[in-house]
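Remarks on the overall topology
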Amino acid sequence: MNGKTLTILLSVAFGVAAIFKMVPDLEVAIGFLTISFGILAIIWTAMSVGALSKGSSLRKHTVYFLISLISILLFSIWHTLSKILGWRQTIVEAWMYPGYLFLAASFIIFVFTAYQVLQMGHQFGFSGQARKIQKVMASKSKKAAQ
Amino acid sequence: MGISAEFNKKLKGLKEYVALATVDASKYQETNLQIIHHLIEERNIPGVYVTLNKPFKSMIAVFKKENIDADMVIFIDAVTKTVGGELQKTDKCLYIGSPENLSDVSIAMEQAVMALPSKERFVFFDSLSTLLMFNDVTTVAKFIHFLAGKMRVWGVEGVIVSLRKEKDKALIDELTQFCDAILDF
């Protein structure tokens with residue numbers, strides 16, 4: 001492990017410890033933690049969307065992934081707010097549903113993303129051609145040996 | 001000077017290298033085919049042929065005519081227009097759909113090189129000049145820098161072809177620093 005990685009890991013560990021120290025409620029602390037990591041993941045993914053070629057399959061896949069991340073983050077925000085603002089006790093149950101909708105949406109988009117990964121596997125997989133090349137090389141070696 | 005002689009002179013038997021081949025426009029196809037013939041038929045090594053210049057269909061016909069075994073090559077065709085510019089795969093070639101789509105070209109090249117069943121393998125990139133027609137100079141310079149680095153990681157014999165043009169001279173000079181040799185044909 002190099003110095004940079006160690007510094008990053010230590011910073012993250014201190015950040016996590018600080019959240020748990022400042023927020024006494026465990027569920028809210030976990031909520032803040034997931035929101036922080038979610039925002040970071042969204043920033044990195046958005047940066048990669050900007051860097052990839054327009055129309056490329058990897059960019060499309062990254063956009064789907066970004067939408068899934070945003071949905072999950074919205075779920076985390078809704079879930080944490082429901083705890084902080086006490087919606088679960090004070091307001092009708094229907095206020096909880098948008099959170100579950102975000103979660104359901106994330107999984108639906110994940111299915112599309114997974115299907116796209118499957119397509120990419122077919123498109124970028126060259127094992128069939130590699131086997132053919134191996135056969136050609138073997139027959140050439142045989143011919144050369146004779 | 002013949003292709004083999006130029007290779008031997010400039011690369012001195014290197015098994016892994018990145019070479020920039022500058023080719024005269026009047027004998028462009030002939031020289032490319034001679035390089036490929038040298039790699040496949042004389043050296044018997046498999047490779048990846050990335051074409052931004054001529055469609056796969058034309059390439060395969062020329063290979064056949066010149067008695068070059070196309071089964072030793074994985075083709076990546078970024079010039080043939082596909083429906084909606086989407087990726088299309090056949091058992092002989094991967095069509096990228098657009099020469100501007102450098103992200104997919106990079107992924108396809110890496111996957112193809114890694115699939116090759118030999119320690120000795122080549123990557124033939126045809127060509128830098130065509131890349132410049134579809135992308136700006138900075139993007140091309142960055143891409144070639146990236147590609148040269150990748151070729152070293154993959155441990156391949158990498159040949160990047162460019163037409164010998166006066167207006168591309170500055171870029172070629174800049175790219176020289178990323179390459180092990182400049183092959184003049």
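Residues numbered from 1 in each chain as written. Chains lettered and ligands numbered in written order. Predicted model: local features only at pLDDT ≥ 70, side-chain atom pairs only at ≥ 80, totals over all residues. Heavy atoms only, no water.

Residue and element names in this part refer to chain B. Strand order in the open sheet formed by eight strands is 4-5-3-2-6-7-1-8, and the pairing between neighbours is mixed. The open sheet has two edge strands with one neighbour each: strand 4 (88-89) and strand 8 (181-184). Where strand 3 (residues 73-77) and strand 5 (residues 93-95) come together, three bridges link them in parallel fashion. Bridging from a neighbouring strand, D77 pairs with Y95 of strand 5. (Pairing = 2+ DSSP bridges. Helix = DSSP H or I, 4+ residues; strand = E, 2+ residues; numbered from the N terminus.)

Quick look at the packing of helix 3 (residues 57-84) of chain A against helix 5 (residues 97-124) of chain A now. A pair of packed helices is captured by two measures, namely the crossing angle of their axes and the spacing between those axes. Residues and elements named next belong to chain A. Close contact between helix 3 and helix 5 brings their axes to 8 Å; oriented N to C, the two are set at 160°. By the criterion of interaxial angle, the relationship of helix 3 to helix 5 is roughly antiparallel. Crossing of helix 3 over helix 5 shows left-handed handedness. Tallied by class, the residues present in the contact of helix 3 with helix 5 amount to 19 nonpolar, eight polar and one charged. (Axes fitted to C-alpha atoms, helices over the stretch in contact; angles between N-to-C directions. Parallel < 35°, antiparallel > 145°, perpendicular 65-115°, else oblique. Left-handed = near helix turned anticlockwise from the far one by under 90°. Nonpolar A, V, L, I, M, F, W, Y, C, P; charged D, E, K, R; others polar.)

Now for the pattern of salt bridges. Residue and element names in this part refer to chain B. Scanning the entire structure with this criterion turns up eleven salt bridges over all chains. Ionic pairing is found between K15 and E120, a salt bridge with its closest N-O pair at 3.5 Å. With K15 in the loop between helix 1 (3-11) and strand 1 (17-23) and E120 in the loop between helix 4 (102-115) and strand 6 (122-126), this residue pair connects regions lying 105 residues apart in the sequence. Three or more residues are tied together by salt bridges with common partners; here these are K15, R43, E120 and E157. (Salt bridge = Lys/Arg side-chain N within 4 Å of Asp/Glu carboxyl O.)

What follows is about the environment of A61 of chain B. With respect to the secondary-structure elements, A61 of chain B resides in helix 3 (residues 56-65). Distance from A61 of chain B to Q34 of chain B, taken between C-alpha atoms, is 15 Å for residues 27 residues apart in sequence.

On to helix 4 of chain B, then. Residues and elements named next belong to chain B. Helix length check: helix 4, at 14 residues, gives a terminal C-alpha distance of 20 Å against a target of 20 Å (1.5 Å per residue), a fit within 8%. The element helix 4 is largely enclosed, with a buried count of ten among its 14 residues. Regarding helix 4, the residues found buried are L102, S103, D104, V105, S106, I107, A108, M109, A112 and V113. (Expected span 1.5 Å × (residues − 1). Buried < 20%, exposed > 50% of the residue type's maximum accessible area, 1.4 Å probe, protein only.)

Turning our attention to the interface of chain A and chain B. With 20 residues of chain A in contact, the opposing surface of chain B contributes 29 residues. The largest contributions to the chain A side of the interface with chain B come from F124, F126 and I133 of chain A, which together make up 29% of the buried area. The tally of links from chain A across to chain B stands at two salt bridges. Salt-bridge contacts for K140 of chain A lead to D69 of chain B; the nearest nitrogen and oxygen are separated by 3.8 Å. Counting across the interface, chain A meets chain B through seven residue pairs in polar contact (both at pLDDT 80 or more). Class assignment of the residues belonging to the side of chain A that touches chain B gives a composition of eight nonpolar, nine polar and three charged. (Contact = heavy atoms within 4.5 Å. Buried area = accessible area lost by both parts, 1.4 Å probe. Polar contact = N/O pair within 3.5 Å; in protein donor to acceptor, adjacent residues only side chain to side chain.)

The next thing to look at is the pairing of strand 7 (residues 157-163) of chain B. Residue and element names in this part refer to chain B. Counting buried residues in strand 7 gives seven out of seven residues, a clear majority hidden from the surface. Going residue by residue along strand 7, you find E157, V159, V161 and L163 tucked away on one face and G158, I160 and S162 tucked away on the opposite face as well. Two strands pair when backbone bridges link them, and strand 6 and strand 7 are joined in this way by five bridges, in the parallel orientation. Along strand 7, the bridge assignment pairs V123 with G158.

The next subject is the packing of aromatic side chains. All names here are of chain B. Throughout the structure, instances matching the rule amount to eleven aromatic pairs over all chains. When the ring of F56 is compared with that of F75, the centres are 5.0 Å apart and the planes differ by 65°; the resulting orientation is edge-to-face. In this pair, F56 is assigned in helix 3 and F75 in strand 3, connecting sequence segments 19 residues apart. There is no split in this pair, since F56 and F75 are both buried. Centre to centre, the rings of F63 and F75 are 5.4 Å apart; their planes meet at 65°, and the pair counts as edge-to-face. One end of the pair, F63, is in helix 3; the other, F75, is in strand 3, and twelve residues separate them in sequence. Both residues of the pair, F63 and F75, belong to the buried class. Through successive ring pairs, a cluster of aromatic residues spans Y49, F56, F63, F75, Y95 and F124. (Phe/Tyr/Trp six-rings, centres within 6.5 Å; stacked < 30°, edge-to-face > 60°.)

Moving on, we get to the packing of helix 1 of chain B against helix 2 (residues 28-42) of chain B. Residues and elements named next belong to chain B. Axis separation between helix 1 and helix 2 bottoms out at 9 Å; the angle between their running directions is 75°. Here helix 1 is positioned roughly perpendicular relative to helix 2, judged by the angle of their axes. Taken together, the residues of helix 2 that come into contact with helix 1 (itself represented by I3, S4 and F7) are T31, Q34, I35, H38 and E42. Residue classes in the contact of helix 1 with helix 2 are distributed as three nonpolar, four polar and one charged.

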